[in-house]
Every structure is written in structure tokens, then in C-alpha cells.
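Structural characterization, general
Letter by letter, the chains look like this.
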Amino acid sequence: MTIEYLLVIAYLVGCIGIGLLASRKVLASRDEYWVAGRRIGTMMNAMAIMATLASGGSIIGVMGYAYSKGIPYTLALFAGAVLGFPLASILVAKPLRNFGKFTITDFLAYRFPHPLVRYLVPVIIVVSFTVYIIAQMKAAGITVEFLLGIEYKWAVTISTVIFILYVSIGGMLAITWTDVMQGALMLIVVIGTAFIVMFREGSPIAIMEMASAQAPALGQVAHQPLASYLGSFVIWAAAIPVIPHIVMRVFTAKNAHGARISLNVAMILYSLMILAAVFTIVPVGKIHYPDLQDADKIFLQVMQQEFPPVVRGLAVAAVLAAVMSTTDALLLACSSAISHDLLGKYVQKNLSEKAGNYLNIAIAWAVGLVAMYLAYSPPPLITQFYSAAIGLLTAALFVPVMAGLWWKKANLIGGMASMIVGVVVYLFFQFSPWMPPLSAILIALPASALAMVNGDWKSLGETDRASDD
Amino acid sequence: MSNFFPMPRGDRWYLIVIILFSFISFLPWTQQVHIAGMALFGWLMAALMILSPTIALIRLIRHRVANRGEKK
């Protein structure tokens with residue numbers, strides 16, 4: 001156990017050290033805190049984006065999801081996320097930078113200027129991201145509990161305190177530096193483990209054939225109605241272009257072209273990691289441990305039974321890296337939503353830049369501690385849990401952002417209507433017992449789009465009446 | 001013009017192709033055909049994960065090289 005502890009402690013000390021180092025640069029300036037001075041290089045940004053998207057869900061969750069719901073269902077969800085990046089790169093990265101806005105809320109409030117938009121968007125962001133953070137904390141908690149033997153609640157508390165510490169003091173610069181380190185660690189551990197599994201058991205094709213002979217459902221499209229597969233795909237494909245912690249990465253790049261290259265390089269790395277996990281580690285886990293109670297523990301089970309302490313220590317560090325690299329960005333986005341979007345005017349009028357940044361620190365702590373408390377009672381299947389929360393964000397923001405960026409006729413009535421209709425329809429169907437999991441988005445997005453178009457027609461009618469008068 | 005920014009023709013075609021690919025992947029027959037123990041649907045999703053960012057990246061790099069050539 002000593003080697004595992006030493007590796008994890010070394011990793012955590014490294015993260016805090018980076019946070020402290022970055023804090024010297026960022027506390028004096030808002031631009032440095034939120035977007036790392038807009039001067040992050042292309043490859044560094046790519047690794048940071050990959051690490052930001054690759055959450056605990058992408059190591060613990062993806063394998064648990066594939067183990068429980070089958071590989072095709074899992075790939076539908078993660079392929080949606082990957083497809084979302086080219087969409088973000090083409091539809092959002094360049095035009096959003098051209099508009100020169102700081103956050104998604106800034107852009108929407110500029111395009112659809114109304115207090116409802118200014119306040120509703122950050123509230124939705126904070127709610128969705130708090131759920132997302134809870135799922136990450138579960139991933140950290142079960143990993144530390146399973147592989148280091150620390151009680152779940154203590155594991156969640158310790159990891160939460162450490163990552164809030166370095167986010168709150170280091171801002172986007174600390175996040176970017178740590179993300180690069182964390183992204184590299186995740187790739188090495190997951191792809192390295194996949195290679196070792198292949199060396200022992202054979203090619204991914206051979207492993208899949210063995211696993212499907214024993215558990216045919218692993219490769220079948222049979223676990224859920226097709227609407228659920230499509231819903232998983234659409235939620236993430238539509239979420240990535242509007243999800244604030246990814247969009248903030250667009251602003252840290254030196255230019256729009258660099259941002260687009262970063263997004264695509266990040267997705268190639270991310271895809272390789274996900275595919276390595278689901279085509280090697282999951283099938284082998286299904287063969288050797290077919291009856292796990294908590295599917296999210298499959299990676300940890302394989303690690304504990306089949307790998308030496310050094311690899312286990314690296315695995316704990318990698319999962320913590322995945323959790324922290326996403327949660328730090330989520331915390332920063334929540335902090336931004338509250339201090340910049342909700343309290344922006346008050347902060348600018350009454351607080352100096354330095355005092356404003358101390359307020360960000362306090363908000364990051366508040367959000368993190370609330371999520372930590374909620375994570376003490378963890379949800380089953382984290383990937384499904386946080387995907388549902390991201391669905392709410394997608395239902396609210398996708399149509400207004402896309403129409404706002406690309407459709408000149410999109411107006412205030414349409415913007416507000418599409419946002420409200422998206423949220424209401426999504427929540428209604430998400431909690432309806434007759435809807436398959438994650439399929440509410442298939443109704444919410446068209447409803448939101450209809451509301452946007454209807455708003456445009458309404459205003460055209462008003463314009464016609466005004467011209468008649 | 002009803003939009004703020006013109007979308008380059010290459011971007012438009014790229015979007016059409018990957019959306020079409022996604023649409024075909026979700027047709028019912030891809031769920032019935034199995035290859036190496038997994039439904040074709042799963043393989044198509046895996047292919048989409050690699051192909052969509054790779055093609056986008058190649059296009060961006062070619063665009064940058066072409067731009068540099070024009071500047072010279």
C-alpha cells in the first residue's frame with residue numbers, strides 16, 4: 001500500500017504546487033484568472049481540452065457504463081461528445097471569438113438583452129454543473145476507497161478540499177497547467193493498461209469475441225429503446241458546442257484557428273483513450289468479473305486483481321487526475337457564472353480586481369462544499385447521472401446560442417422562448433416515467449427550435465402591424 | 001444575408017457528411033449485423049469517434065498550408 005500512497009501524495013502535492021505557482025500570476029488580473037491571459041499554445045490547449053472533457057466519467061464511468069449497458073450504448077454517448085467538438089470548432093469557436101464575449105452568458109445577454117436571460121443562464125449552469133461535480137466526486141471517492149482503503153466519505157472530503165484549493169488560488173492558468181499533466185497521466189495509464197491487457201489476452205477483436213461469447217449483451221443494441229441511444233448521442237453532440245467549461249477553453253487560445261486545431265487534436269486523444277478502455281479493459285473485466293454489484297467499479301476491480309502496486313498507484317492518480325481536471329474547470333465555470341454573470345455589475349462597481357478574485361475563491365469553495373455534501377450519498381451509474389444534467393443545459397442553451405451566432409433574424413422573444421421552452425419540456429419528459437433514459441432531449445431540442453422560429457414570426461407580425469400603422 | 005458569418009463551403013460539406021454518417025449509423029439494419037461479437041452500430045460509432053476529428057484536423061492543416069502558400 002505504501003507505493004500507492006506515495007504516488008498519490010506526490011501527484012496531489014504537484015497539483016497544489018502548480019496552483020500556488022499560478023496564483024502569483026493570476027490574482028492581480030481578471031483576464032489572467034478567467035482565460036489565462038488568452039495566450040495558451042495550440043498543443044497545450046489540446047491536452048487541456050482533452051483532460052477537461054475526460055472526467056471521472058471517461059475512466060470510471062465509461063467502463064461502468066459499457067459493462068452495464070453494453071459497448072454500443074456507451075459508444076453512442078461518447079461518439080456524440082466527439083462529434084460535438086467539430087461542431088463546436090465550426091459553429092462556435094470562430095464566431096464566438098469574433099463577437100468578443102467572455103462567457104456563454106455574456107454572449108446570450110448581448111444577443112438577447114433581457115434580465116431573464118442574464119439570470120436564468122447562470123442558474124442553469126450552476127445547477128447542471130453541481131450535478132456534474134457530484135458525479136466526479138463519486139468517481140474520486142470510490143477509487144480512493146477501493147484502491148487505497150480510505151473510507152468513502154473521507155476519500156471524497158480529502159480529494160474535494162485539495163482540488164478546490166488549487167482551482168480557487170490558481171484560476172484558469174493553474175487549471176491549464178495541471179490539465180496538461182493530468183491529461184498525459186490519463187492517456188499513459190488507460191492506453192498503457194490497454195496494451196498490457198492486449199499483450200496478455202490478444203487483440204481487441206479476439207478479446208471482444210471471447211467476451212461476447214460469454215456475455216452476448218455486451219456487444220448488442222438491446223439494452224434500451226433506440227430513442228435512448230439517439231438521446232445519449234444528441235445530448236453530448238449538442239452539449240459540447242455550448243458547454244461553458246469547454247467554451248472557456250476557446251478563449252484561452254491565442255487565436256480562433258489555434259482553438260479549432262486544439263479542439264480536434266483533443267478529440268483524437270480522447271477517442272483513443274475511450275476506445276482503448278471499452279475494447280480491452282471492459283471485455284476482460286466482463287469475462288473475469290461478470291457479476292459486479294456496482295458497475296462503476298469494474299476498472300478498479302481489474303486494477304486491484306491483475307496489476308502490481310505501482311500501476312494501481314498510477315491508476316488512482318489517473319482517476320483523480322480525470323476527476324480533478326474536469327471538476328476544476330466546472331468549478332471555475334460555476335464561479336464565473338455566479339461572480340461574473342450573476343453579480344457582475346456589483347463586483348465591477350464595488351470591488352477591486354483583487355477583491356473580485358477573492359470572491360471567486362469563496363464561491364468556488366461554496367459550490368465545491370455543497371457538491372461534496374451531496375456526493376456523500378452517491379448516485380448509481382455516474383455517466384447516466386451527469387449526462388441527464390448536461391441534457392438540461394443543452395436543452396436550454398443549444399438553440400439560443402446557435403441561432404444567436406448564425407441567424408440574424410433570431411430575436412429577443414425567440415431567444416427567451418426557446419430557452420424557457422427547452423428547459424420546461426426537458427424537465428417534464430426527463431421525469432416522465434414513460435420516457436427511455438436520456439431521450440427527453442429528442443423532444444426538448446425541436447420544441448426549443450420551434451419556440452425560436454415562432455418568436456421570429458411573432459416579431460415579424462408586429463413589424464408588419466407597425467408599418468401598416 | 002440572414003446570418004452573421006458566411007460558412008466556408010468545405011465546413012458545410014464536412015458537417016453534411018458527418019451528420020449523414022451519423023444518420024446512417026442509427027438506421028435499424030446496423031443494429032442487426034454483428035461483426036466480431038459487436039453490432040455494426042457500435043463499430044460505426046467507434047469509426048465516427050476517430051474519423052470526424054481526424055478529417056477536421058486534416059482540413060484545418062491543409063487550409064493553413066494553403067494560406068501560407070498564398071502569403072508567400
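No experiment lies behind these values; they were computed from the predicted model shown.

Here we come to the overall build of chain A. For chain A, the helix and strand inventory stands at 19 helices and zero strands. Counting the 469 residues in chain A, one finds 65% classified as buried. Sequence separation of 24 or more characterises 86% of the internal contacts of chain A that already satisfy a separation of 6 or more. Looking at chain A as shown, the accessible area adds up to about 15,700 Å², and 68% of this sits on carbon and sulfur atoms.

Moving on, we get to the overall build of chain B. Across its full length, chain B carries three helices and two strands. Each helix and strand of chain B, ordered N terminal to C terminal, gives the series α-α-β-β-α. Scored against the burial criterion, the 72 residues of chain B give a buried share of 39%. Of all intrachain contacts in chain B linking residues separated by at least 6 positions in sequence, the fraction that spans at least 24 positions is 35%. Carbon and sulfur atoms provide 69% of the accessible area of chain B, an area that totals close to 4,500 Å².

All names here are of chain A. Counted according to the given criterion, the structure contains 14 aromatic pairs over all chains. Pairing Tyr 73 with Tyr 229 gives two aromatic rings, centres 4.7 Å apart and planes at 75°, and the pair type is edge-to-face. Within this pair, whereas Tyr 73 is found in helix α5 (residues 71-99), its partner Tyr 229 is found in helix α10 (residues 226-239), the two being separated by 156 residues in sequence. Per residue, the accessibility class of Tyr 73 equals that of Tyr 229, and both read buried. Look at Tyr 132 and Tyr 386: their rings are 4.6 Å apart centre to centre, the planes differ by 10°, and that puts the pair in the stacked class. Taken together, the residues span a long stretch of sequence, with Tyr 132 in helix α7 (residues 115-148) and Tyr 386 in helix α17 (residues 382-406) at a distance of 254 residues. Exposure remark for Tyr 132: the relative accessible area of 1% places this residue in the buried category. In this structure, Arg 200 is placed above the aromatic ring of Phe 307, and the distance from its NZ or CZ to the ring centre is 4.9 Å. Positioned over the ring face of Tyr 67 is Lys 286, at 4.2 Å from the centre of the ring.

Turning next to the interface of chain B and chain A. Contacts between the two partners involve 35 residues from chain B and, on the opposite side, 45 residues from chain A. Roughly 3,600 Å² is buried in total at the junction of chain B and chain A, and carbon and sulfur atoms are behind 81% of that figure. Applying the counting rule to chain B against chain A returns zero salt bridges. Where chain B touches chain A, the interface holds two residue pairs in polar contact (both at pLDDT 80 or more). Secondary-structure elements contributing two or more residues to the side of chain B that touches chain A are α1 (9-25), β2 (38-39) and α3 (40-71) of chain B. Per element, the largest residue contribution to the side of chain B that touches chain A is 16 residues, and it comes from α3(B).

All names here are of chain A. You can see Ala 403 is positioned in helix α17. The exposure class of Ala 403 is buried, given its relative accessible area of 10%. Sequence separation between Ala 403 and Val 453 is 50 residues, and the spatial gap between their C-alpha atoms is 9.5 Å. Apart from residues lying up to four places away in sequence, Ala 403 is in contact with Arg 111, Ala 410 and Met 452.

Residues and elements named next belong to chain A. Structurally, Ser 128 is set in helix α7. A residue is classified by how much of its surface remains accessible, and Ser 128, at 1% relative accessible area, is buried. At a separation of 3.3 Å, a polar atom in the side chain of Ser 128 contacts the main-chain carbonyl oxygen of Ala 389. Contacts of Ser 128, omitting those with residues within four sequence positions, involve Ala 389, Leu 392 and Leu 393.

Bringing the nonpolar core into the picture now. The biggest cluster of nonpolar side chains holds 172 residues, and the ones touching the most others in it are Leu75(A), Leu108(A), Phe129(A), Trp236(A) and Phe299(A). For this core, the leading source of residues is α5(A), giving 19 residues. Those residues in contact with Trp236(A) that lie beyond four places of it in its chain are Leu53(A), Leu77(A), Gly80(A), Ala81(A), Gly84(A), Tyr132(A), Ile243(A), Tyr386(A), Ser387(A) and Ile390(A). Counting residues in hydrophobic clusters, the runner-up holds six residues, among them Ala46(A), Val265(A), Ile268(A) and Leu60(B).

Looking now at the confidence of the model for chain B. All names here are of chain B. Per-residue confidence for chain B averages 84 on the pLDDT scale, and 86% of its residues sit at or above 70. At the level of individual helices and strands, chain B shows its lowest average pLDDT in α3, which scores 84, and its highest in β2, which scores 92. This prediction of the complex comes with two scores: 0.83 for pTM and 0.89 for ipTM.

Residue and element names in this part refer to chain A. The topology assignment puts Leu 397 in helix α17. According to the relative accessible area criterion, Leu 397 is buried, its value standing at 0%. Setting aside residues no more than four positions away along its own chain, Leu 397 makes contact with Ile 104, Leu 108, Val 121 and Val 242.

Residues and elements named next belong to chain A. Running from amino to carboxyl end, helix α13 (residues 298-306) crosses helix α14 (residues 309-342) at an angle of 160°, the nearest separation of the two axes being 9 Å. As judged from the angle between their axes, α13 and α14 are roughly antiparallel. For the pair α13 and α14, the sense of crossing is left-handed. In contact with Phe 299, Met 303 and Gln 304 of α13, α14 contributes Val 311, Arg 312, Ala 315 and Val 319. In the contact of α13 with α14, the residues fall into five nonpolar, one polar and one charged.

Here the focus is a nonpolar patch on the surface. Residue and element names in this part refer to chain B. A cluster of nonpolar side chains, contributed by Leu 20, Phe 23, Ile 24, Trp 29, Val 33 and Ile 35, occupies part of the molecular surface with about 570 Å² of accessible area. In terms of residues, the nonpolar patch owes the most to one element, α1, which gives three residues. Relative to the assigned elements, Ile 24 resides in helix α1. On the basis of relative accessibility, which here comes to 36%, the residue Ile 24 falls in the partly exposed class.

As a further point, take the pattern of salt bridges. If the charged atoms of two oppositely charged side chains come close together, the side chains can form a pair. Residues and elements named next belong to chain A. Scanning all chains against the criterion turns up five salt bridges over all chains. As a salt-bridge pair, Asp 296 and Lys 138 come within 3.1 Å of each other at their nearest N and O atoms. Within this pair, whereas Asp 296 is found in the loop between α12 (256-288) and α13, its partner Lys 138 is found in helix α7, the two being separated by 158 residues in sequence. You'll find Asp 296 and Lys 138 in the same group, each marked buried.

Rules and cut-offs
Residues numbered from 1 in each chain as written. Chains lettered and ligands numbered in written order. Predicted model: local features only at pLDDT ≥ 70, side-chain atom pairs only at ≥ 80, totals over all residues. Heavy atoms only, no water. Helix = DSSP H or I, 4+ residues; strand = E, 2+ residues; numbered from the N terminus. Buried < 20%, exposed > 50% of the residue type's maximum accessible area, 1.4 Å probe, protein only. Contact = heavy atoms within 4.5 Å. Areas by Shrake-Rupley, 256 points an atom, 1.4 Å probe, with all protein chains shown as cover. Phe/Tyr/Trp six-rings, centres within 6.5 Å; stacked < 30°, edge-to-face > 60°. Lys NZ or Arg CZ within 6 Å of the ring centre and 35° of its normal. Buried area = accessible area lost by both parts, 1.4 Å probe. Salt bridge = Lys/Arg side-chain N within 4 Å of Asp/Glu carboxyl O. Polar contact = N/O pair within 3.5 Å; in protein donor to acceptor, adjacent residues only side chain to side chain. Core = buried A, V, L, I, M, F, W, Y, C linked by side-chain atoms within 4.5 Å. pLDDT = per-residue confidence, 0-100. Axes fitted to C-alpha atoms, helices over the stretch in contact; angles between N-to-C directions. Parallel < 35°, antiparallel > 145°, perpendicular 65-115°, else oblique. Left-handed = near helix turned anticlockwise from the far one by under 90°. Nonpolar A, V, L, I, M, F, W, Y, C, P; charged D, E, K, R; others polar. Patch = residues over 30% accessible without salt bridge, like charges linked within 9 Å, V, L, I, M, F, W, Y side chains within 5 Å.

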